[in-house]
Amino acid sequence: MNKRMYLPVFGLLVALFLSLMISSEGKTEPIVIRFSHVVAEDTPKGIGAQMFKELVEQRLPGKVVVEIYPRSEKFTDEQAIIGLLLGDVEMVAPSFSKFCRFGKSLEIFDVPFMFDNVAEVHRFQQSDAGQKLLSSMESVGIKGLQYWDNGMRVLSANKPIKAPEDLKGLCFRIESSRVFYSQYTGLGATPMILPYKELPEALKIGIVDGYENSWSNILASKLYLLRRNYTEVDHTFLGYMVATSVSFWDGLPDDIRQELERALNEVTDKVNKLAEEKAMADRATLLEAGLVEVISLNEDERQEWKDLLGPMASQFADDIDPKIMLSAKEAKY
């Protein structure tokens, strides 16, 4: 091929390159929100994350893309919070205990029998004090956006648990929480901090004897295959804080941020209703299939647990804002 034959080809390539440059300059890349969580897709949190993705991408097509990483695919909850601050993810939804090192007032949710039911939790969360907790970590770069439910916790072990003394000598998996650590040591058990993704294997090989969790997680993660004894003490509530980083949230265009807030508000209402429904439905599914044995305590039996664990509120009161404590107590009435 001679020199003259190259010229048309070269001109065509130049024209193609310029047209690509022009089209790419006029195109804005979408904002990517990486949402990391540790539970299964068919739990209230997993369903909520998917609902948020669908709603956002429907209302902000081409402007925002939501990538979901469930079952600790990207990070454990502890890692995800650090990842949030480093810009490795944009949204997380850990349980409250995971945030306590950044704001000790959040320990209010871990204190046993601080709330007797979900209605009391909601009254507190919707109070001025509860809403202020969402912004309590902004000085370290974490911004709480919403509260998501997953119901009251139940206890499970390799033997039936009815009275507090039944826990003596057992090893229990706990989240990273000073309150949970004190709770189990006070009951004569040995607490072991483990990420949620490591719990099934730890139960399988006997590293831990028991754990506490909500019915939806027990069913979705098939934990009932590893322990069949469950006790409804209803001593604490399992909930999550949907959070982002201050730098990411404040850096969003106003219209995008407002639309994300609207979507999250709508999803939160649905998640919390779903959590209540699934707590009852998943419990019934496991019972009807004969997969679990459930001990429900009467008032006198539950009072025995309260008498032992209730005083823990005063043990942690110095680290929890007095206004937060008062608001939590007022939510009972």
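Here is a short report on the structure shown in this document.

Thresholds, definitions, all that
- Residues numbered from 1 in each chain as written.
- Predicted model: local features only at pLDDT ≥ 70, side-chain atom pairs only at ≥ 80, totals over all residues.
- Heavy atoms only, no water.
- Helix = DSSP H or I, 4+ residues; strand = E, 2+ residues; numbered from the N terminus.
- Buried < 20%, exposed > 50% of the residue type's maximum accessible area, 1.4 Å probe, protein only.
- Contact = heavy atoms within 4.5 Å.
- Areas by Shrake-Rupley, 256 points an atom, 1.4 Å probe, with all protein chains shown as cover.
- Lys, Arg positive; Asp, Glu negative; His and termini not counted.
- Charge placed at Lys NZ, Arg CZ, Asp CG, Glu CD.
- 1 Å grid on protein atoms, 1.4 Å probe; cavity = no way out; pocket = protein on both sides within 12 Å on 5 of 7 lines; lining within 4 Å.
- Points joined across faces, edges and corners; volume = space filled by probe spheres on them.
- Nonpolar A, V, L, I, M, F, W, Y, C, P; charged D, E, K, R; others polar.
- Salt bridge = Lys/Arg side-chain N within 4 Å of Asp/Glu carboxyl O.
- Pairing = 2+ DSSP bridges.
- Right-handed = clockwise from strand over helix to strand, strands pointing away.
- Expected span 1.5 Å × (residues − 1).
- Core = buried A, V, L, I, M, F, W, Y, C linked by side-chain atoms within 4.5 Å.
- Axes fitted to C-alpha atoms, helices over the stretch in contact; angles between N-to-C directions.

For the rest of this paragraph, the subject is the overall build of the protein. The number of helices and strands found in the protein is 13 helices and 11 strands. The principal-axis extent of the C-alpha atoms belonging to the protein is close to 95 × 45 × 30 Å. Each of the 333 residues in the protein was classed as buried or not, and the buried ones make up 50%. Relative to all contacts within the protein whose residues are 6 or more apart in sequence, the contacts with residues 24 or more apart total 73%. Carbon and sulfur atoms make up 54% of the accessible area of the protein, which amounts to about 15,800 Å² in all. The centroid of the 38 positive side-chain charges in the protein is displaced by 5 Å from the centroid of its 49 negative side-chain charges.

Before going further, it helps to examine the layout of surface pockets. Rolled over the atoms, a probe sized like a water molecule indicates the empty space that remains. A volume near 420 Å³ is recorded for the largest pocket. Lining the largest pocket are 19 residues, with Val118, Gly151, Met152, Ala279 and Met280 sitting closest to its centre. Residue contributions to the lining of the largest pocket peak at seven residues, all from helix H10 (residues 254–288). A breakdown of the residues in the lining of the largest pocket according to their chemical character gives seven nonpolar, five polar and seven charged.

For the rest of this paragraph, the subject is the pattern of salt bridges. In the structure shown here, the tally under the stated rule is 21 salt bridges. In this structure, Glu259 and Arg59 form a salt bridge, with 3.5 Å as the shortest nitrogen-oxygen distance. Residue Glu259 is found in helix H10, and its partner Arg59 is found in helix H2 (residues 44–59); the two are separated by 200 residues along the sequence. Note on Glu259: relative accessible area 16%, which makes it buried. Relative accessible area serves as the criterion here: at 31%, Arg59 is assigned to the partly exposed category. Among the ionic pairs, Lys306 bridges to Asp116, the shortest N-O distance being 3.5 Å. With Lys306 in helix H11 (residues 299–309) and Asp116 in the loop between strand S3 (91–92) and helix H4 (118–126), this pair connects stretches of sequence that are 190 residues apart.

Note on placement: Val39 falls in the loop between strand S1 (31–36) and H2. Accessibility expressed as a relative area gives 3% for Val39, which makes it buried. C-alpha separation for the pair Val39 and Tyr69, spaced 30 residues apart in sequence, amounts to 9.6 Å.

Right, let's talk about the pairing of strand S2 (residues 64–69) for a bit. Here S1 pairs with S2 via six bridges, running parallel. Across the sheet, the residue bridging to Ser36 is Tyr69, located in S2. Each parallel crossover has a hand, and for S1 linked through H2 to S2 it is right-handed.

Under the 1.5 Å per step criterion, the end-to-end length of H2 is 22 Å for 16 residues, consistent within 8% with the ideal 22 Å. Looking only at H2, the buried set comprises Pro44, Lys45, Gly46, Gly48, Ala49, Phe52, Leu55 and Val56.

Right, let's get into the nonpolar core. If you look at the biggest cluster of nonpolar residues, it comprises 52 residues, and the most contacted ones within it are Ile108, Phe109, Phe124 and Trp305. For Trp305, the residues in contact, after removing those within four places along its chain, are Phe113, Leu155, Ile161, Lys162, Ala163, Pro164, Leu167, Leu187, Val233, Leu297 and Gly310. Judged by nonpolar contacts, the second largest core, of 43 residues, contains Leu55, Val208, Trp249 and Ile256.

As a further point, take the sheet that holds strand S9 (residues 229–232). If you walk across this open sheet you meet the four strands as S8-S5-S9-S11, and the pairing is mixed. Pairing within the sheet leaves two strands with one partner each, and these edge strands are strand S8 (211–213) and strand S11 (293–296). On average, each strand axis in the sheet is tilted by 25° relative to the strand beside it, whichever way the strands run. In this structure, strand S5 (residues 154–157) lies alongside S9, joined through three bridges in antiparallel fashion. Paired with Ser156 across the two strands is Tyr230, which belongs to S9.

Bringing the side chain of Ser97 into the picture now. Residue position: Ser97 is located in the loop between S3 and H4. In this structure, Ser97 is in contact with Asp110, Glu175, Ser176, Ser177 and Phe180, ignoring residues within four places of it in sequence.

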